[in-house]
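Coordinates in review
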Amino acid sequence: MERIDTKLDGVYIVVPDVFGDHRGYFMETYNKAAFKKLGISNDFVQDNQSYTAKKGTLRGIHFQNAPMAQAKVVRVTRGAVMDVAIDLRKGSPTYKQWVAVELSAENRRMLVIPRGFGHGFRTLTDDVEFCYKVDNLYSKECDRGIRFDDPSIGVDWGEVYDELLSAKDMNAPLLENSDCNFVFGEI
């Protein structure tokens, strides 16, 4: 496995080793020892999967407040997405900065997103299967979101269609009006 650093400290692209022949391929999508060698030592406790039917659908920006904040390792098993991680830690040198990475079944890349970051993606194809590991269990009480189009963050999602947004995402508050409780150095 290879780790590629992004402009945001702690947000990494992981490129797995893929072994293939005329029959297909094999790859490890998670190996605790291999991840530890890459500097990723989270104890992942839950796997999730979503399916999105339509190209152009946007999901996010989502996170869980502390004490149930989650680090994630995300990947795509069918189709392609533009995956976005946003630093939401007040006091961070990269507060409100974001990074976008194309993840696809074809490139097999994964994105590691630490606690204290928001996450979202926009589908680049129809029929997307999206998988992710998290290092904290889901908590309905701590589940939060902020507006995908918050002008203080300025993520360039490309063209977004209202009919492809959930009510939750359409009605999410701007970051300045949210109760996001992430503080740099405390999460």
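This text goes with the structure placed above it.
Residues numbered from 1 in each chain as written. Predicted model: local features only at pLDDT ≥ 70, side-chain atom pairs only at ≥ 80, totals over all residues. Heavy atoms only, no water.

**Considerations on the sheet that holds strand β12 (residues 128-134)**
Spatially, 6 strands are ordered β1-β2-β10-β7-β12-β5 in an open sheet, and the strand pairing comes out antiparallel. Edge strands, defined here as strands with exactly one partner in the open sheet, are β1 (2-5) and β5 (46-52). Along the sheet, successive strands turn relative to each other by an average axial angle of 25 degrees, direction set aside. (Pairing = 2+ DSSP bridges. Helix = DSSP H or I, 4+ residues; strand = E, 2+ residues; numbered from the N terminus. Axes fitted to C-alpha atoms, helices over the stretch in contact; angles between N-to-C directions.)

**Observations regarding the side chain of S104**
Tracing the chain through its elements places S104 in strand β9 (residues 98-104). A polar contact is formed between the side chain of S104 and the backbone nitrogen of N107, at a distance of 2.8 Å. Excluding residues that lie within four positions of it along the chain, S104 makes contacts with V76, G79, A80 and R109. (Polar contact = N/O pair within 3.5 Å; in protein donor to acceptor, adjacent residues only side chain to side chain. Contact = heavy atoms within 4.5 Å.)

**Thoughts on the packing of aromatic side chains**
Scanning the entire structure with this criterion turns up 5 aromatic pairs. With centroids separated by 4.1 Å and ring planes inclined at 15 degrees, the aromatic side chains of F121 and F130 adopt a geometry described as stacked. Judged by relative accessible area, F130 falls into the buried class, the value being 1%. Seen from their ring centres, F130 and Y132 are 5.8 Å apart, and the 55 degrees between their planes marks the pair as tilted. A relative accessible area of 23% means that Y132 is categorised as partly exposed. Taken together, the ring pairs in this structure connect Y30, F35 and F44 into an aromatic cluster. The side chain of R3 reaches across the aromatic face of Y12, ending 3.9 Å from its centre. (Phe/Tyr/Trp six-rings, centres within 6.5 Å; stacked < 30°, edge-to-face > 60°. Buried < 20%, exposed > 50% of the residue type's maximum accessible area, 1.4 Å probe, protein only. Lys NZ or Arg CZ within 6 Å of the ring centre and 35° of its normal.)

**Re the pattern of salt bridges**
The final tally for this structure, using the stated rule, is 9 salt bridges. With a shortest N-O distance of 3.2 Å, D135 and R115 are connected by a salt bridge. Of this pair, D135 sits in the loop between β12 and β13 (143-145) while R115 sits in the loop between β10 (110-113) and β11 (117-123), placing them 20 residues apart in sequence. A relative accessible area of 31% means that R115 is categorised as partly exposed. Close ionic contact of K168 with D143 constitutes a salt bridge, the shortest N to O distance being 2.9 Å. (Salt bridge = Lys/Arg side-chain N within 4 Å of Asp/Glu carboxyl O.)

**Looking at the pairing of strand β3 (residues 18-21)**
Pairing of β3 with strand β4 (residues 24-27) involves 4 bridges; the strand directions are antiparallel. Bridging across to β4, D21 finds its partner in G24. Two successive antiparallel strands, β3 and β4, enclose a turn made up of 2 residues.

**Focus: the sheet that holds strand β6 (residues 58-64)**
Spatially, the 5 strands line up as an open sheet ordered β9-β8-β11-β6-β13, and their pairing is antiparallel. Only two strands of the sheet have a single neighbouring strand rather than two, namely β9 and β13. Adjacent strand axes in the sheet meet at a mean angle of 25 degrees, parallel and antiparallel pairs treated alike. For strand β8 (residues 80-87) and β9, the ladder comprises 7 bridges, and the chain directions are antiparallel. Looking at the pairing, A80 lines up with S104 of β9.

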